[in-house]
Amino acid sequence: MTSIADALRILLTGVSYGMILFLIASGLSLILGVMGILNLAHGSLYMLGAYIGLAVSASTGNFWIGALAGGAAVGVIGLLLERGFLRRLYRQFNDQVLLTLGFVYIFGNGAAWLWGSFPKLGKAPAELSASIPMGDLNFPVYRLALIVIGLAVAGALWWMQNRTRVGAIVRAGMDDREMVLGLGINFRLVSTGVFFMGAFVAGLAGFLGTPIQGASSELGFPILIQALIVVIVGGVGRVEGTLLGALVIGLMDSLGKTFFPQFSSFTIYVVFILILLFRPTGLLGRTQVGSAIPPSTDFRAAWRGIPRQFSGALGNVQRFLATFGPYLVLAIGLLVLPALASSYLLTTVSQIFIYAIFALSLNLLFGYTGMFSLGHAAYFGVAAYVTAYVSVALHVHSFWVLLFDGVLAATVTAAIFGIIALRVSGTYFLFVTLALGELLVAVANSWTKVTGGSQGIYGILYPDLGLAIKMGPKPYYYVLLVAFVICATLLYVIVKSPFGLALQGIRDDEGRMKHLGYQTWLFKYLAFVIAGAFAGVAGVLFAPATSTVVPPYLGTTISALVMLMIILGSSRVFGGPIIGAAVVLLLQNYIILLTPERWPLILGVIFVLSVMFLRGGVGIYVIRALDRLRLRPAPPPIAHDDEPSTLSPIAALPEAN
């Protein structure tokens, strides 16, 4: 039986943690609402504020000087990020996300390099180090101070947003940026000030949170996930919405850890999903950012809206074979590779086959349908886990059984997640897919009996094809090669079919497609499920190739890596993700041999360079070279990522009719 004192302690614990979440989420929400920039590096700014504040407070002996120094230093870093990089990418949402994702890796690995990877715990100032008895435990006075600080910052931000001229400009800019610019207001200066303020508050929150959470080079992304959930729950662009969302998440986290400790790692995800189902734009959200897409409830009408020309899809196979005739030499090289290559190179090429399938499946969503997902690894990881469990725990080694079970599990997961994620679009869609993937990571870490917890499932054997062949690295290489060819062919047929043309029409102008009578929600949902199924194929193939499956394979790290493959290779060329997979994995495996601890830093630099200087991807240049070899006219320069592609039908995705 919980006493009143214990209940009060649980309540105050949740509120104090909610205030930390509010401090970081408020800046994230305002930056997104005012500037339209989703800064995925915001959690890393929180982490840098923690480290810088600890260093300054240790050298000066003053806690509050450390707090101000952490906030100010991170504010300057944020200002440099906005002025030096993000300012060149306004209105380019995809590039903003990928650029800031690159800085997540750079800041995280840079912090580990400077301050070490071992977590550091901060100390509350002497005047706030006492505790108050509450029930069975004591409640730190410092947590009460956090509540006061959080409420004070919330009040100041609310007053600025609702009672000042700058706040009026900010609110007007959220609703109609062009109108504000037309009035002659220097909205760019206001936006820069908002970005600095958001970064400052994130750095301040990072240091203030060190007595509770400490500082760790791996803290940036987990705290970002929770801040994103706060933004989704509360709504973008309103201080009161962010405060309400932070309090809800903080309280649910405290209640979950007290009464359901075995489920505490994903309690907040359950709240997030429930609120999303009933309030897609958040409790107090502004609807101009990532508007909700009400799902069609009349599935019979939706099915009737699908064109009936799918029967002509297979006619494109002949064109496929003719177009890819020049790759015969490459095919022969891949066939003889096991007899010539080292085991390390053979393993790398095997990984390329798997990740190429994975990247092609994600590009069905990203490049062809225009849906930016950072949760696609969920279906890859689910299939890998099912394959590992059936193989290791149930001792079933038939390739066909494992393939059926893994792909079925991935498809069902995609079907469920698709219903949730497609209630929203744009920025919110990215939020939701990212959070759903991290939900499965939390489940995998907690469900120890099935998933092995953080240790994962290991000792996965190569599957049995039912043939008189002893499976090993070389025979499995050919299995992967055949699977890759089959999956690539099927996906090519899909994107060349009327269904694929309709997806591209939705990507370029969904409103127009609706006016033409297309049930766009259903088309996107089918693309979501099909992409999840092919990602499941990659997951089934991946588990025996690595012999180990761990929780991060379900999460954002793998999704981001595959997204880099698409961007580096080109999202508007069918073979681009294949080229990107080859480039990234060859670089990764080579660099890891030389300096494994610096690979995340180099990966972040690749992200930044790809976004800033390699627009369109490597695939564009490869296609141009092949066109010249075949004496075909070279395709014109690629259109901007936010514009319809102007490439030739052979080199690029075909335009929607």
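Up top is the structure these notes are about.
Remember, predicted model here, so these are calculated numbers, not experimental data. (Residues numbered from 1 in each chain as written. Predicted model: local features only at pLDDT ≥ 70, side-chain atom pairs only at ≥ 80, totals over all residues. Heavy atoms only, no water.)

Engineer: So what exactly am I meant to see when it comes to the packing of aromatic side chains here?
Structural biologist: When we look at a pair of aromatic rings, we describe it by the centre distance and by the angle of the planes. The tally for this structure, following the rule as stated, stands at 28 aromatic pairs. When the ring of Y51 is compared with that of W115, the centres are 4.7 Å apart and the planes differ by 5 degrees; the resulting orientation is stacked. Remark: W115 occurs in helix α4 (residues 93-115) and Y51 occurs in helix α2 (residues 42-60); sequence separation between them is 64 residues. Residue class for Y51 comes out buried when judged on its relative accessible area of 1%. Seen in terms of ring centroids, Y355 and F358 are 6.3 Å apart; in terms of plane orientation they differ by 35 degrees. Their pairing is tilted. Taken together, the positions of Y355 and F358, both in helix α16 (residues 343-369) and three residues apart, correspond to about one turn of that helix. Looking at Y355, the relative accessible area reads 6%, which means it is buried. Taking relative accessible area as the criterion, F358 reaches 0% and is therefore assigned buried. Taken together, the ring pairs in this structure connect Y355, F358, F380, F542 and Y553 into an aromatic cluster. If you follow R598 out to its NZ or CZ, it ends over the ring of W113, 4.3 Å from the centre. (Phe/Tyr/Trp six-rings, centres within 6.5 Å; stacked < 30°, edge-to-face > 60°. Helix = DSSP H or I, 4+ residues; strand = E, 2+ residues; numbered from the N terminus. Buried < 20%, exposed > 50% of the residue type's maximum accessible area, 1.4 Å probe, protein only. Lys NZ or Arg CZ within 6 Å of the ring centre and 35° of its normal.)

Engineer: What should I look at first to understand the side chain of S373 in this one?
Structural biologist: Locating S373 in the fold gives a position in the loop between α16 and α17 (377-392). At a separation of 3.2 Å, a polar atom in the side chain of S373 contacts the main-chain amide nitrogen of G375. Each residue touching S373, except ones within four places of it in the same chain, is listed here: L362, L365, F429, L430, T433 and M563. (Polar contact = N/O pair within 3.5 Å; in protein donor to acceptor, adjacent residues only side chain to side chain. Contact = heavy atoms within 4.5 Å.)

Engineer: Whenever I open this one, the environment of Y105 confuses me. Can you help?
Structural biologist: Looking at where Y105 falls in the secondary structure, it is placed in helix α4. Residues Y105 and W599, spaced 494 residues apart in sequence, show a C-alpha to C-alpha distance of 9.2 Å. Beyond its immediate stretch of four places on either side in the chain, Y105 contacts T557, A560, P600, L601, L603, G604 and F607.

Engineer: Which parts of the structure should I look at to understand the packing of helix α22 (residues 498-508) against helix α24 (residues 520-546)?
Structural biologist: The relative placement of two packed helices comes down to the angle between their axes together with the axis-to-axis distance. Packing of α22 against α24 leaves a shortest axis separation of 10 Å and a crossing angle of 115 degrees. Accordingly, the angle class assigned to the pair α22 and α24 is roughly perpendicular. α24 is crossed by α22, and the crossing has left-handed handedness. Residues F499, A502, L503 and I506 of α22 pack against T520, F523, K524, L526, A527 and I530 of α24. Of the residues belonging to the contact of α22 with α24, the class tally is eight nonpolar, one polar and one charged. (Axes fitted to C-alpha atoms, helices over the stretch in contact; angles between N-to-C directions. Parallel < 35°, antiparallel > 145°, perpendicular 65-115°, else oblique. Left-handed = near helix turned anticlockwise from the far one by under 90°. Nonpolar A, V, L, I, M, F, W, Y, C, P; charged D, E, K, R; others polar.)

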